[in-house]
Amino acid sequence: MSGGREATATATGATPGPADGVATATEGPRLLAGSPIAAQIRAGLTTDFAAFKERWGYAPTLAVVMVGANAPSAVYLQQILRTCEKVGVKGRLVEIGSDVTADALCNEIERLNGDPAVAGIIVQMPLPAHIPLHTVIDSIDPAKDIDGIHPRNAGLLSLGYDGFLPATAQAAVEILKRSGIEIAGKRVVVVGRSNVVGKPAALLLLREHGTVSILHSKTRDLGQYTRDAEILVVAAGRPGLVTGEMLSPGVVVVDVGINVVAGVDGAERLVGDVDFESAKDIVSAITPVPGGVGPLTNALLLTHLMRAATNQAESRAARAKVGVGHDA
Ligand code: NAP
């Protein structure tokens, strides 16, 4: 992380953001850190999962399906599994070779769907090119789809109902809300339209009454739109895509991008999609990379697991009461 000062973000959202008119030009940008918010969520989860275990007699399992080796994903997975351990969840890494067939992968997911110990399933992307993404997504039980990728959960989101949200998109919005940054009525620009980040983030920002534009790789002259933004969310996976000259003074930036690049010393480091150095004197607030959206994503994912585990345990108990012996 470079420049700026450490976060003033709090989980209570008590600190007003520069988007609300607080000038910070002399101090550098306000850093919207996800870690303190995530720590607060994790503390609550530790209590909740202990209560779950007390009530139901077991700790729920999060199954993480990884197909083939992928360095950035592996780092992300290790973080999730560590977070599981911290809050009292069993993390199960299901490693599958990249030569797996689509049928065999779906069978593995079906097996996890039917395993009562497994409350949530995430499948690490990207998948090898020979595996059609939609067949894998469709095979996840929507009740265990805690990262909201199944069409049922995506549909619920678009209708404004209460399904499982894609955790990264939710984190991008939560970091704004919990930092006290008003979204309603603001000109909000989202760069990226993937089903897991850009599109759901745009829908969530619309739900918060932002006036939302979505940009993508075919958008002509990105800067024309980004300069109009009061809140800019960038999820493109392109390091340095957004530079300072593409921003208007005072904009609040949520940088979702996580990119591994070689530093001047040759060592690898993580950077976002926004060029922090040129942006930092123009923005009023910005999420750091690393330490912004990422930590919050993991914590939110586990709140979804808590909800999934509770729903499943209660539904099993209700079935047992009326004499239905197995999960339908
Ligand atoms: P993705 O599936 O590759 O989608 C990237 C999106 O960005 C696409 O919609 C693409 O447009 C758009 N895009 C690419 N180049 C562009 C350009 N030059 N100008 C405008 N738009 C452009 O990636 P993703 O899964 O959404 O992830 C996006 C980023 O978020 C990645 O860096 C990823 O590592 C990061 N991420 C972070 C977290 C976290 O917890 N913080 C979690 C997941 C992902 P088209 O649709 O036209 O191709």
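Before any of the text, the structure's been laid out above.
Residues numbered from 1 in each chain as written. Predicted model: local features only at pLDDT ≥ 70, side-chain atom pairs only at ≥ 80, totals over all residues.

Structural notes on unusual backbone geometry
- Looking along the chain, the bond that leaves M125 and enters P126 is cis, with omega of 0°.
- The step from V289 to P290 runs through a cis peptide bond, and the omega angle for that step is 0°.
- The topology assignment puts P290 in the loop between β11 (285-286) and α10 (293-321).
- We note that H209 has phi near 75°; this positive angle belongs to a residue other than glycine.
- Among the secondary structure elements, H209 is positioned in the loop between α7 (198-207) and β6 (211-215). (Helix = DSSP H or I, 4+ residues; strand = E, 2+ residues; numbered from the N terminus.)

Considering the packing of helix α6 (residues 167-177) against α10
- Between α6 and α10, whose axes approach to 8 Å, the crossing angle comes to 115°. Helix-helix and strand crossings are classified by hand; for α6 and α10 the assignment is right-handed. Between α6, through A167, T168, Q170, A171, A172, E174 and I175, and α10, the contact on the second element is made entirely by V293, L296, T297, L300, L301 and H304.
- Classifying every residue of the contact of α6 with α10 gives eight nonpolar, four polar and one charged. (Axes fitted to C-alpha atoms, helices over the stretch in contact; angles between N-to-C directions. Left-handed = near helix turned anticlockwise from the far one by under 90°. Contact = placed C-beta atoms within 7 Å. Nonpolar A, V, L, I, M, F, W, Y, C, P; charged D, E, K, R; others polar.)

Re the pairing of strand β10 (residues 268-271)
- Pairing analysis gives four bridges linking strand β9 (residues 259-262) to β10, with the strands arranged antiparallel. Paired with V260 across the bridge in β10 is L270.
- In sequence, β9 turns back onto β10 through a hairpin of five residues, with G266 there showing a positive phi of about 90°. (Pairing = 2+ DSSP bridges.)

Digging into the sheet that holds strand β4 (residues 118-123)
- The parallel open sheet is built from three strands, whose spatial order is β3-β2-β4. What marks the edges here is a single partner per strand, and that holds for β3 (90-96) and β4. On average, each strand axis in the sheet is tilted by 20° relative to the strand beside it, whichever way the strands run.
- The pairing of strand β2 (residues 61-67) with β3 spans seven bridges and is classified as parallel. Paired with V64 across the two strands is L93, which belongs to β3.

Some words on the environment of L81
- As for its position among the elements, L81 is in helix α2 (residues 71-87).
- In this structure L81 comes out as partly exposed when scored by C-beta crowding, with 18 C-beta atoms within 10 Å.
- When the C-alpha positions of L81 and A63 are compared, they lie 9.6 Å apart, and in sequence the two are 18 residues distant.
- Excluding its chain neighbours within four sequence positions, the residues that come into contact with L81 are V64, G91 and L93. (Buried ≥ 20, exposed ≤ 12 C-beta atoms within 10 Å, placed from the backbone.)

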